[in-house]
Amino acid sequence: VLDTSGSMDGDPIRHLNQVVTRFIRSTVSDGSYVGVVTFSNYARIRHRVVSVSSDAVREALVAAVPYRADGGTCIGCGLRKGVEALEDVGQPEGGVLFLVTDGLQTDPPNIADVMPELL
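So, a few notes on the structure that sits alongside this text. Note that the structure is a prediction, hence the values are computed from the model and not measured. (Residues numbered from 1 in each chain as written. Predicted model: local features only at pLDDT ≥ 70, side-chain atom pairs only at ≥ 80, totals over all residues. Heavy atoms only, no water.)

## Some thoughts on the state of the cysteines
Move 1: This model, assessed by the stated rule, comprises one disulfide.
Move 2: Put simply, cysteine 74 and cysteine 77 are joined by a disulfide, and their sulfur atoms are 2.1 Å apart. What sets the handedness of the cysteine 74 and cysteine 77 disulfide is the S-S torsion sign, and at about 70 degrees it is right-handed.
Move 3: Here cysteine 74 falls in the buried class, since its relative accessible area comes to 0%. (Disulfide = S-S within 2.5 Å. Buried < 20%, exposed > 50% of the residue type's maximum accessible area, 1.4 Å probe, protein only.)

This is how it looks when you write it as structure tokens:
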């Protein structure tokens, strides 16, 4: 769940892109399930959750990692969309959301508003 809001413009979005790309290419184990969700003032699934079964799958996920930032910051929207991405492949219980953000919320719902839905 990746922050693409305006406050991430410049070095922050470049760092996000580098770190998440490295994570997908080097850290994620074969057979793990990974998807890419982005958020600014709204959220979207940029790559559905898939089993990482080949280099081609890894590169498709990397291609979905954002490199531009603009808009407000609705972290709650991103978290909800992350749960939706997990639900698309089954029950979300036991799933993990990996949130990358500068933490500057501007648009509701806030993290505290959606926490009961996540736990």
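Back to the write-up after that little detour.
## Notes on the sheet that holds strand 1 (residues 2-3)
Move 1: Strand order in the open sheet made by the three strands is 1-2-3, with mixed pairing throughout. Strands at the two margins of the open sheet, each flanked by one partner only, are strand 1 and strand 3 (43-51).
Move 2: Judged from the six bridges that link them, strand 2 (residues 33-39) and strand 3 form a sheet pairing that is antiparallel. Bridging from a neighbouring strand, valine 34 pairs with valine 50 of strand 3.
Move 3: Set on the sheet, helix 2 (residues 55-63) makes contact with strand 2 and strand 3; between it and strand 3 the angle comes to about 170 degrees.
Move 4: Across the sheet, helix 3 (residues 75-87) is in contact with strand 2 and strand 3; its angle to strand 3 comes to roughly 30 degrees. (Pairing = 2+ DSSP bridges. Helix = DSSP H or I, 4+ residues; strand = E, 2+ residues; numbered from the N terminus. Contact = heavy atoms within 4.5 Å. Axes fitted to C-alpha atoms, helices over the stretch in contact; angles between N-to-C directions.)

## Brief notes about the packing of helix 1 (residues 11-27) against helix 2
Move 1: At a minimum axis distance of 10 Å, the contact between helix 1 and helix 2 shows a crossing angle of 170 degrees. Classified by the angle their axes make, helix 1 and helix 2 are roughly antiparallel. Across the interface between the two elements, Thr21, Ile24 and Arg25 from helix 1 touch Arg58, Glu59, Leu61 and Val62 from helix 2.
Move 2: Grouping the constituent residues of the contact of helix 1 with helix 2 by class yields three nonpolar, one polar and three charged. (Parallel < 35°, antiparallel > 145°, perpendicular 65-115°, else oblique. Nonpolar A, V, L, I, M, F, W, Y, C, P; charged D, E, K, R; others polar.)

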